[in-house]
Every structure is written in C-alpha cells, then in structure tokens.
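What follows is the residue order along each chain.
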Amino acid sequence: MKYRHRFHAGNFADVHKHVTLVALLQAMQRKDKGLFYFETHAGRGWYSGHGDSQPGSEIREGYARLAGSTPQSDAIRQFLDTESAACAALTPDKPQPRAGSAYAGSPLLAATLLREQDRGLCCELLAPECRALQQSLHAWPRMRTLCADGLQSLRSQFPPRERRALLLIDPPYEDPLAELDTALSAALEALTRLAGTVVALWYPIKDDRLLAPWLRRCAARLRAPTLQCELWRHPRDSRVALNGSGLLIINAPWQLDTQMQQWLPELGTLLGIDAQGGTAVRWLVQESGAAQ
Ligand SMILES: C[S@@+](CC[C@H](N)C(=O)[O-])C[C@H]1O[C@@H](n2cnc3c(N)ncnc32)[C@H](O)[C@@H]1O
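Residues numbered from 1 in each chain as written. Predicted model: local features only at pLDDT ≥ 70, side-chain atom pairs only at ≥ 80, totals over all residues. Heavy atoms only, no water.

K.L.:
Before we go on, may I ask you to explain the packing of aromatic side chains in this structure?
P.N.:
Two aromatic rings, taken as a pair, are described by how far apart their centres are and by the angle between their planes. Scanning the entire structure with this criterion turns up seven aromatic pairs. Between Phe36 and Phe158, the aromatic rings sit 6.0 Å apart at their centres with planes inclined by 55°, giving tilted as the arrangement. Here Phe36 is found in strand β1 (residues 36-39), whereas its partner Phe158 is found in the loop between α6 (150-157) and β6 (165-169), with 122 residues between them in sequence. In this pair, the class of Phe36 matches that of Phe158, namely buried. Each ring, one from Tyr63 and one from Tyr103, has its centre 5.1 Å from the other, and the planes form 65°; the classification is edge-to-face. You can see Tyr63 sitting in helix α2 (residues 63-66) and its partner Tyr103 sitting in strand β3 (residues 103-104), a full 40 residues away along the chain. Both residues of the pair, Tyr63 and Tyr103, count as buried. Put simply, the rings of Phe36, Phe38 and Phe158 pair up and form one aromatic cluster. Across from the ring centre of Trp232, 4.7 Å away, lies the NZ or CZ of Arg236, which sits over that ring. (Phe/Tyr/Trp six-rings, centres within 6.5 Å; stacked < 30°, edge-to-face > 60°. Helix = DSSP H or I, 4+ residues; strand = E, 2+ residues; numbered from the N terminus. Buried < 20%, exposed > 50% of the residue type's maximum accessible area, 1.4 Å probe, protein only. Lys NZ or Arg CZ within 6 Å of the ring centre and 35° of its normal.)

Written as structure tokens, this is what we have:
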C-alpha cells in the first residue's frame, strides 16, 4: 500500500468529510444515551507541520482557506472549534502552530467530542501510522486504537453494547472499484448487526462513469434512509487527481439534510469553489427504503 494520508491531510475533501463528521456526532449527542464511535481507516490522527507527519501542500486549498474565517454556519464554526481544541490538547505547553500548518484528522476530532458515556475505537492497518495514532490519542482514554484491518475488526465490534453507533468508513481508494464495493459491504455488515447504525461512508469523485453504477448498487441494496452529500471543485469527469468528495450517510439523524443544505454551499464558497464545481445534498434512499 502506497497511500499516506499526510500528503492529503486537511485538503478540501478532508475538510468536507470532517465538517460532516463533527455535525453528525453532535447531532447524535443530542440524546444523552452513550454511543460507540468506530472508524475502519483511521490514519495517524495528527499532521503536525513538521517531521514526517507534515501535511502536504493540499492543505492550502483546504483547511488553510477556512482557518481564520468567520463562517455564518454553526456546523463550520463547530468544526473549526473542534480542530483548534484537538490541536491545543496535543500541544498544551507550546504556542499553537500557525493556522493551516497543523491538522487533526477524524480520530482526534471524534475523540475531542466524545462524552463520558461514549467510547470510540479506531483501526489503522499500517504499523508506523498506527503507532503515531496511539501516541496522538494518548490524551483521550475514551478513544482506543487497534492496529488491524478495520473491515475485519468491524465484525468483532458490532453490535456494540451501547446499541448506538457511528461508523466512519474512509478507505484510501488505491483500487477504487474494489474498495467502493468493500466499503458498501462493510456498511451492510454493520447494519445487519445493528440496524440503527449511523454510517458515514466517504468516496472520491473522480469519474462519474465508475461512480454512477456503484451508487445504483448502493441504492438497490440499502434499506435504511441514506443521504448523499457531495462537494466538487472540478468538472466531475476531468482528469485531475480528485475532482470532488462525497459521503453517504446511512440512517442520517433528524434534520441533518436541512442543516446540510444551509452549511454545504457556504463551505463550498469558503473553499473557493467556483462555477466549475458545486455542492449537492439529496436522498439516495428515502425513509421507506425506496431508491430515488
Ligand atoms: C484516507 S486515510 C484515513 C484518514 C482519516 N480517516 C481521517 O479522516 O483523518 C486511510 C487510512 O487507511 C489505512 N488503511 C488502508 N487499508 C486499511 C485497512 N484494511 N484497515 C485499516 N486501515 C487501513 C491507510 O494506511 C490510511 O492511513
């Protein structure tokens, strides 16, 4: 596996995924009952601005554009606050790094938000990345790390004792065709074991000819209400590395769709998306299990 997330940490797709993740967790935490957060593909957790975890230049077109902005939307402000809190918790004795030069990934964002009654588990396959993740998560005992295949580990973790779960599936997509189907199978596996699992499944928008049949397969196989949230910078079939970022949100919490319709266009504007790009929120599968 060649993929190293540090080259992409904090890019526009990461920001899209992480604003959504923070909004999802906070929506689920409107209920007091504890929840289990499980992440199949965790990365190293923190990208520090120096050493071998330094984020690549893609952060300039992503998080660096937002840091220091004053967004109207609560969801974007809450993401920025959670980013700052995660970075501050990691370096309590040091001056905070320049905005946009360090970045907390999904395990740290989730760990920052977990309440006393919640717990989390993050899987990372690559040993050096996993060791770095364990170090990063040291400050958050409620979030544990497993150095193992996240897709296989899911079977031993579901259903969790809390009977409430948020599952993030975020593969590297080095082999997009195979990994899209594996990600869908993992989501279905979790739903079989705990029907109410809220799943956030990230996918790259690179080529609609590949994506459209996969989305049709998702719509045919998923029975739970599924929201689709997309943000793209380039025409959806252009030959740049990554045109856009998409998330399927299965069992989306109440009103997430209407809230997203407000903050997603603002996020697009802050990220500098112009007429070549766009944003969209739609139901792929409605409440009744009917595909759109
Ligand atoms: C896109 S990155 C994760 C980024 C992270 N979720 C975030 O948003 O900050 C994907 C990670 O999955 C790891 N990985 C690849 N295959 C895996 C597997 N089968 N199980 C667990 N981790 C895997 C890679 O080493 C890489 O660190």
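K.L.:
Even after reading the chapter, I still don't get the pairing of strand β5 (residues 143-146), so can you show me in this structure?
P.N.:
Side chains of β5 alternate between two faces, with Met143 and Thr145 buried and Arg144 and Leu146 left unburied. In terms of strand pairing, strand β4 (residues 119-123) meets β5 through four bridges, oriented parallel. Considered in β5, the bridge of Leu121 is made with Arg144. One crossover worth recording links β4 to the parallel β5 by way of helix α5 (residues 127-136), and it is right-handed. (Pairing = 2+ DSSP bridges. Right-handed = clockwise from strand over helix to strand, strands pointing away.)

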